[in-house]
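Structural characterization, general
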Amino acid sequence: MSVSPDTVCVVDELVERLDVHDRVLGVVSRSEAVRNGWLHRVGVVVCRDGQGRFLVHRRAEHLSRFSGHYELGVGGAAAVGESYVQAAARELAEELGVRATVRLRFTFLNRAGLSPHWLGVCDAVLAESIVSDPGEVAWHGWLTESEVRRTLRQWTFTPDSREVFDRYCSR
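As the structure is a prediction and not an experimental result, all values here were calculated from the model.

**Side note on the overall build of the protein**
- In terms of regular secondary structure, the protein is built from 4 helices and 9 strands.
- Each helix and strand of the protein, ordered N terminal to C terminal, gives the series β-β-α-β-β-β-β-α-β-β-β-α-α.
- Its C-alpha atoms give the protein a radius of gyration of 16 Å, within 12% of the compact-globule value 16 Å for 171 residues.
- C-alpha extents for the protein along the principal axes are approximately 60 × 40 × 30 Å.
- A buried classification covers 44% of the 171 residues belonging to the protein.

What follows is the structure, given as structure tokens:
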């Protein structure tokens, strides 16, 4: 079999399929987990600056999931064997060009979004400047808690941003 130079090969990331107690059942592709509504892990990091402001960003317009939506957390699916913290830290480096100490705040079974998943919400204080990946992030800014509360009502955010913010602020 030959492959033409015009053929594009898309490799789907592998994730751990989980039960309702966040225990591993097996390994599946992320697209399969989303398509079938199988639980898997997603790690996000809520970023603050030295003044306590929250980083809010708008997802790039060409992204397949929630393009152009605003988001409070930076993150993505945890790869096989990867913890919530590791996934969140990796995504922080990939999307914002920042390496920071990331710590897990809480997890919850998130039923918002494309499919249900376990969401590990981490946080980090960012001391360095952000150089966001324009392929992932169209805009970012630092907002106070009251500004985030207002924009959550006014702007179009990803489905889990309000719950992440409410749970984060209540802890």
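So that's the structure; there's more coming.
**A few points about the packing of helix H3 (residues 145-154) against helix H4 (residues 161-169)**
- Where H3 contacts H4, the two axes come as close as 11 Å, and the packing angle between them is 155 degrees. When the axis of H3 is compared with that of H4, the two are roughly antiparallel. When you trace H3 past H4, the crossing you get is left-handed. Contacts from Glu145, Val148, Arg149, Leu152 and Arg153 of H3 reach H4 at Ser161, Arg162, Phe165, Asp166 and Cys169.
- Taken together, the residues of the contact of H3 with H4 break down into 4 nonpolar, 1 polar and 5 charged.

**Some thoughts on the state of the cysteines**
- On inspection of all chains with the given rule, the structure shows 0 disulfides.
- As a non-bridged cysteine, Cys47 has Cys122 as the owner of its nearest cysteine sulfur, 10 Å distant.
- You can call Cys47 buried: its relative accessible area is 0%.
- Of the cysteine sulfurs around Cys169, a residue in no disulfide, the closest is that of Cys47, at 14 Å.
- With relative accessibility at 28%, the residue Cys169 sits in the partly exposed group.

**Here we look at the packing of aromatic side chains**
- Overall, the coordinates contain 8 aromatic pairs when judged by the stated rule.
- Between the aromatic rings of Trp155 and Phe157, the centroid separation amounts to 6.3 Å while the plane-to-plane angle is 10 degrees, which identifies the pairing as stacked.
- Looking at Trp155, the relative accessible area reads 29%, which means it is partly exposed.
- Taken together through their ring pairs, the aromatic side chains of Tyr70, Trp139, Trp155 and Phe157 make up a single cluster.
- A cation over a ring is seen here: Arg48 above Phe54, with NZ or CZ 3.9 Å from the ring centre.
- In this arrangement the basic side chain of Arg167 is found over the ring face of Phe108, its NZ or CZ atom lying 4.1 Å from the centre.

**Description of the side chain of Arg30**
- Within the secondary structure, Arg30 sits in helix H1 (residues 30-36).
- Classification of Arg30 as buried rests on a relative accessible area of 14%.
- Residues in contact with Arg30, not counting those within four places in the same chain, are Asp12, Glu13, Val15, His40, Arg65 and Ala77.

**Describing the nonpolar core**
- Leu72, Val121 and Val148 are the most contacted members of the largest nonpolar core, which totals 18 residues.
- Looking at this core, the elements with two or more residues in it are strand E3 (41-48), strand E4 (54-59), strand E7 (103-110), strand E8 (117-125), H3 and H4.
- Once you skip the residues sitting within four places of it in the chain, Leu72 turns out to touch Val45, Val46, Phe54, Leu55, Val56, Val148, Phe157, Ser161, Val164 and Phe165.
- By size, the runner-up hydrophobic cluster in this structure holds 14 residues, among which are Val74, Val102, Leu126 and Val137.

What counts, and at which threshold
Residues numbered from 1 in each chain as written. Predicted model: local features only at pLDDT ≥ 70, side-chain atom pairs only at ≥ 80, totals over all residues. Heavy atoms only, no water. Helix = DSSP H or I, 4+ residues; strand = E, 2+ residues; numbered from the N terminus. Rg over C-alpha atoms; globule rule 2.2 N^0.38 Å. Buried < 20%, exposed > 50% of the residue type's maximum accessible area, 1.4 Å probe, protein only. Axes fitted to C-alpha atoms, helices over the stretch in contact; angles between N-to-C directions. Parallel < 35°, antiparallel > 145°, perpendicular 65-115°, else oblique. Left-handed = near helix turned anticlockwise from the far one by under 90°. Contact = heavy atoms within 4.5 Å. Nonpolar A, V, L, I, M, F, W, Y, C, P; charged D, E, K, R; others polar. Disulfide = S-S within 2.5 Å. Phe/Tyr/Trp six-rings, centres within 6.5 Å; stacked < 30°, edge-to-face > 60°. Lys NZ or Arg CZ within 6 Å of the ring centre and 35° of its normal. Core = buried A, V, L, I, M, F, W, Y, C linked by side-chain atoms within 4.5 Å.

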